[in-house]
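# Structural description and commentary
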Amino acid sequence: MGANTSTLPKRTFKPVVNEPEQLSNQELIERLQCLLSKNATNSEVFNEKGEYDLIEKTSVVSQEAQNNPINAANLDVWETKLLSDPKNQLALNCFTGNNITDIIENNQAVSKANRNLFNYEVKFSGGPITNQKSSGRCWIFASTNVFKSQIKSKFSLDSFELSQNYLFFYDKLEKSNYFLHNIIESADEDLDSRLNQFLLDVPINDGGQWDMIVNLVEKYGLVPHDIYPDSFSATSSSRLNYIITNKLREFALILRKLVNTEGMSTLNAKENILSVKETMIKEIYSILALTLGVPPKADDEIVWDYKDKFGNYLSITTTPKKFYKKILGVDATEYFSVINDPRNEYNKLYTVDKLNNVLGGKPIEYVNAELPTIKEILIKMIKKNEPVFFGSDVGKFEDTKLGLMDVNSWDYELGFGTNLNIDKKARLLTGSSQMTHAMVITGVHLIDGKPVRWKVENSWGTDVGHDGYFIMTDEWFDQYVFQIVTSSKYAPAELVSIWKSGDYQILPFYDPMGALA
């Protein structure tokens, strides 16, 4: 992003003196020469009225400039030292003409890590491998990919897909309402307060969290993909997000003005503001319906036609809510998130301020646990044929084409003579890492009972990785996996008790655990 620049006006200061001394031209020259001999960027020069100007002199070195190591002499030394090593001359030719990660890739390490072989795998995964395309709906794809495996198993299907667009529509509608609610609640704060700037920066986006899925399916249910398929704006959402984001910012200014002029103390004033907000949400609904399509409502009748893997044709008349409750038959409220956040105390329950999609819905809940506990849960789930929703920072030490996530397959020290020496905790503290992508773990390879690598079902189509699957080494898991979703069937009793206690530690709204995958 570019920075705005402007020319600073000439600054004039009056000296604190009763009578300005009268100086001849020669004396002025001598005074100037004296001042220029000092290590200061600004030279004080009196004008005819006894005032003095600050004259910028680039040839005068300030104390700050003396502390700046970037100068011609050092640049010469650094360049000479760098190019005196023949390896760096080779690296210069390689890096300037190629992708950095292609050059530092350790082929031997890649061959060792990128093995699509697992001794424990979930049945009924895949079929089909889904593709979120140019959208940030990975969390919706990950959750529906978990759900679809249950339906495929239950109804003997070779292939089945739930509508991601259906959840996408209602998520955007609910998030818009949640955003405007937060704007009303924070109307007493300055517009440039940290909270309001945070809210206005990204009023809504495509991302989300597991508990947001729970809110959506509990209120709206699920529908098969062919009943409400993707529209263009579902698969390429940037322009839709642009329109909604700017409408919400416009609405935010209107609501703030109403709250600050009419107040919320009387029933009539409150009802008026909420009525205005409802009109705004109606406008958002219209935009969504025209771009994503008009979706079924939660209790509308739908007909699901399908053929099982034996060739039998069947038809079921139901509703979206009944499809979730009866056909899927999985209670999403019984599943919860376990995170690994080394900044914060383990075996505690956390939530994030101002993070949700459905106003009045269940809060975002994280039970913080150590990595060995999380891996034990995962292995239990895979052995019981349950795929696992998880969140990670997928852009680090990852190759999409290869379908590999491995910290040992790219050698920065060999290429640059330095490593990226920052651990998981420090990356969270400094903004270097957070949850950026949700996927599904569908397999694990164990040696002597210990995980070596994990099989991951992604939502980037079949043209990447191993026909859409990725390999995640256990070392990468340690560094970049932050969250899994499990239930009381697999989690230790202590973690389940912590989750059900409702005794939250509230993380601030800007916390990295509030990042939406």
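Please refer to the structure placed before this passage.
Keep in mind the model is a prediction, meaning the values are calculated, not measured.

Moving on, we come to the pairing of strand 5 (residues 302-307). Only one face of strand 5 is buried: it carries Ile302, Trp304 and Tyr306, and the other face, with Val303, Asp305 and Lys307, is open. The pairing of strand 5 with strand 6 (residues 313-318) spans 6 bridges and is classified as antiparallel. Counted as the bridge partner of Asp305 is Ser315 from strand 6.

Glancing now at the nonpolar core. Grouped together as the largest cluster of nonpolar side chains are 81 residues, with contacts concentrated most on Ile151, Trp210, Leu222, Trp304, Tyr366 and Met513. At 10 residues, helix 8 (residues 164-185) tops the list of elements feeding residues into this core. Filtering out sequence-adjacent residues up to four positions away, Leu222 remains in contact with Phe147, Leu162, Tyr166, Leu167, Val217, Pro320, Phe323, Tyr324 and Leu328. One finds Ala113, Ile382, Phe390 and Leu495 within the second-largest nonpolar core, a separate group that totals 48 residues.

This part covers the environment of Trp139. Position of Trp139 among the secondary structure elements: in helix 7 (residues 138-155). Since its relative accessible area comes to 0%, Trp139 is described here as buried. When the C-alpha positions of Trp139 and Met212 are compared, they lie 9.4 Å apart, and in sequence the two are 73 residues distant. Among residues more than four places away in sequence, those in contact with Trp139 are Asp171, Lys175, Asp206, Gly207, Gly208, Gln209, Met212, Ile213, Leu216, Phe389, Ala438 and Ala517. Engagement of the side chain of Trp139 in a polar contact is seen with the backbone oxygen of Asp206, the distance being 2.6 Å.

Let us look at helix 9 (residues 194-201). Within the span of helix 9, buried status applies to Leu195, Asn196, Leu199 and Leu200. Buried residues of helix 9 fall within an arc of 125° about the axis and therefore sit on the same side. Summarising the geometry of helix 9, the exposed residues directed more than 90 degrees from the buried face are Arg194 and Asp201. Check the buried side of helix 9 and you find it contacts helix 8 and helix 12 (238-262).

Our focus in this paragraph is unusual backbone geometry. In this chain, Gly127 is followed by Pro128 through a cis amide linkage whose omega measures 5°. If you trace the backbone, Pro128 turns up in the loop between strand 4 (120-121) and helix 7. Phi angles above zero are rare outside glycine, and Lys354 is one such case at about 65°. Position of Lys354 among the secondary structure elements: in the loop between strand 8 (349-352) and strand 9 (366-368). The exposure class of Lys354 is partly exposed, given its relative accessible area of 27%. The backbone of Asp467 sits at a positive phi, close to 55°, despite the residue not being glycine.

A few words now on the packing of aromatic side chains. Scanning all chains against the criterion turns up 23 aromatic pairs. Here Trp210 and Tyr335 contribute two aromatic rings whose centre-to-centre distance is 6.4 Å and whose plane-to-plane angle is 65°, an arrangement assigned as edge-to-face. Taken together, the residues Trp210 in helix 10 (residues 210-220) and Tyr335 in strand 7 (residues 335-339) connect sequence positions 125 residues apart. Comparing Trp210 with Tyr335, the two get one shared label, buried. On the numbers, 5.6 Å between centres and 80° between planes, the contact of Phe397 with Tyr412 is edge-to-face. With Phe397 in the loop between strand 10 (388-392) and strand 11 (398-399) and Tyr412 in helix 16 (residues 412-416), this pair connects stretches of sequence that are 15 residues apart. Sitting above the plane of the Tyr242 ring, Arg239 keeps its charged end 4.8 Å from the centroid. Arg453 extends its terminal NZ or CZ atom over the ring of Phe118, reaching a point 5.8 Å from the ring centre.

Cut-offs used in this document
Residues numbered from 1 in each chain as written. Predicted model: local features only at pLDDT ≥ 70, side-chain atom pairs only at ≥ 80, totals over all residues. Heavy atoms only, no water. Buried < 20%, exposed > 50% of the residue type's maximum accessible area, 1.4 Å probe, protein only. Helix = DSSP H or I, 4+ residues; strand = E, 2+ residues; numbered from the N terminus. Pairing = 2+ DSSP bridges. Core = buried A, V, L, I, M, F, W, Y, C linked by side-chain atoms within 4.5 Å. Contact = heavy atoms within 4.5 Å. Polar contact = N/O pair within 3.5 Å; in protein donor to acceptor, adjacent residues only side chain to side chain. Arc of directions from axis to C-beta. Phe/Tyr/Trp six-rings, centres within 6.5 Å; stacked < 30°, edge-to-face > 60°. Lys NZ or Arg CZ within 6 Å of the ring centre and 35° of its normal.

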